Amino acid sequence: MCRHLAYLGPPLTLRELLFDPPHSLLRQSWAPRDMRGGGTINADGFGIGWYPGGAGPVRYRRAQPIWSDPTIAELAAVTSAGAVLAAVRSATVGMAIVDTAAAPFAEGRWLFSHNGVVRGWPDSVVPLAAELPVRDLITLDATTDSALLWALVRHRLRAGVGPARAVAETVTSVAAAAPGSRLNMLLTDGHTVVASAAGHALSVRVTPSSVLLVSEPHDDEPGWDEVTEGQLVQATATQVRQRELAAW
Ligand code: GLN
């Protein structure tokens, strides 16, 4: 299962955020601690989305291990942002390994990532997919469960549903259609971040001026809290709210 991360706070270089910590996202790509049986390493691609100077987002996505791309290491050292969403991917068996299957998925200000799997793919979610406009279905980023989940969330956002509810409703409806699915999602517009704990690990670290949501803590320092299964977190850099998924 992929590992993902979202950060809001004072600008950091991508290197400080993703490469330098002792158990960084880079390290989690080849030595994750908590994959819960979903693969062993995250070598099928990676993606980073960030908001340079508050503009953007800009994305860098590749279908190769993050450790094998010297370009991102160079860029990360000189690129700073106060809002970042990043992921390393372990493709579910049978799913495409292409640049566009790597999170984050994007539209306008939004960036999205999914950590997990839709059980019974694709048949289990055909009825949910059928509710989407045909155009959305024929322009999916990739033929993967995560790309469809993004289309379902995006459809709600376009209809004016708020980000927390868009994620909560998508998790709830997919979990009902495909029981046993793992549906940890991250969604941000650079100011607010939403994260679901639905089948996979999720931890949060809050300071007075920042919030960091991660699949796995990236160091052994104090300050990490594990988010309880079934909860959804909505946060800005200075405020964090957490409730049951069904309550949003
Ligand atoms: N199932 C998704 C994919 O194959 C997400 C992968 C993951 O969390 N490992 O892209």
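Residues numbered from 1 in each chain as written. Predicted model: local features only at pLDDT ≥ 70, side-chain atom pairs only at ≥ 80, totals over all residues. Heavy atoms only, no water.

Under an unreviewed UniProt entry, the name given to the protein is Gamma-glutamyl-hercynylcysteine sulfoxide hydrolase, and the organism recorded is Micromonospora lutea. Among the UniProt annotations of the protein, the heading Pathway (unreviewed entry) holds the following wording: "Amino-acid biosynthesis; ergothioneine biosynthesis." The UniProt entry for the protein carries this comment under Catalytic activity (unreviewed entry): "gamma-L-glutamyl-hercynylcysteine S-oxide + H2O = S-(hercyn-2-yl)-L-cysteine S-oxide + L-glutamate". (UniProt positions renumbered as here; feature names shortened; annotations may be inferred.)

A.B. asks: Tell me about the sheet that holds strand β7 (residues 182-188), and please be specific about residues and values.
C.D. replies: Reading across from one edge, β5-β6-β7-β8-β12-β13 is the order of the 6 strands in this open sheet, with antiparallel pairing throughout. At either margin of the open sheet sits one strand with a lone partner, and together these are β5 (105-107) and β13 (240-244). Neighbour to neighbour, the strand axes of the sheet diverge by 15° on average, direction disregarded. When β5 meets strand β6 (residues 110-117), the two strands line up antiparallel, connected through 3 bridges. Each residue of the ladder has a partner; that of E107, found in β6, is W110. (Pairing = 2+ DSSP bridges. Helix = DSSP H or I, 4+ residues; strand = E, 2+ residues; numbered from the N terminus. Axes fitted to C-alpha atoms, helices over the stretch in contact; angles between N-to-C directions.)

A.B. asks: Provide a residue-level description of the site of the ligand, including the pertinent values.
C.D. replies: Near the ligand there are 11 residues, and of these C2, R89, S90, T92 and G116 occur at the shortest range. Side-chain polar atom of T92 to a nitrogen atom of the ligand: 2.7 Å apart, as the coordinates give it. G116 is positioned such that a nitrogen or oxygen atom in its backbone is 2.7 Å from an oxygen atom of the ligand. Against a free-state accessible area of 290 Å², the protein chains account for coverage of 99% of the ligand. If you list the elements that add at least two residues to the shell around the ligand, you get β6 and α6 (145-158). Of the residues contributing to the shell around the ligand, the split by class is 4 nonpolar, 5 polar and 2 charged. (Near = heavy atom within 4 Å. Polar contact = N/O pair within 3.5 Å; in protein donor to acceptor, adjacent residues only side chain to side chain. Areas by Shrake-Rupley, 256 points an atom, 1.4 Å probe, with all protein chains shown as cover. Nonpolar A, V, L, I, M, F, W, Y, C, P; charged D, E, K, R; others polar.)

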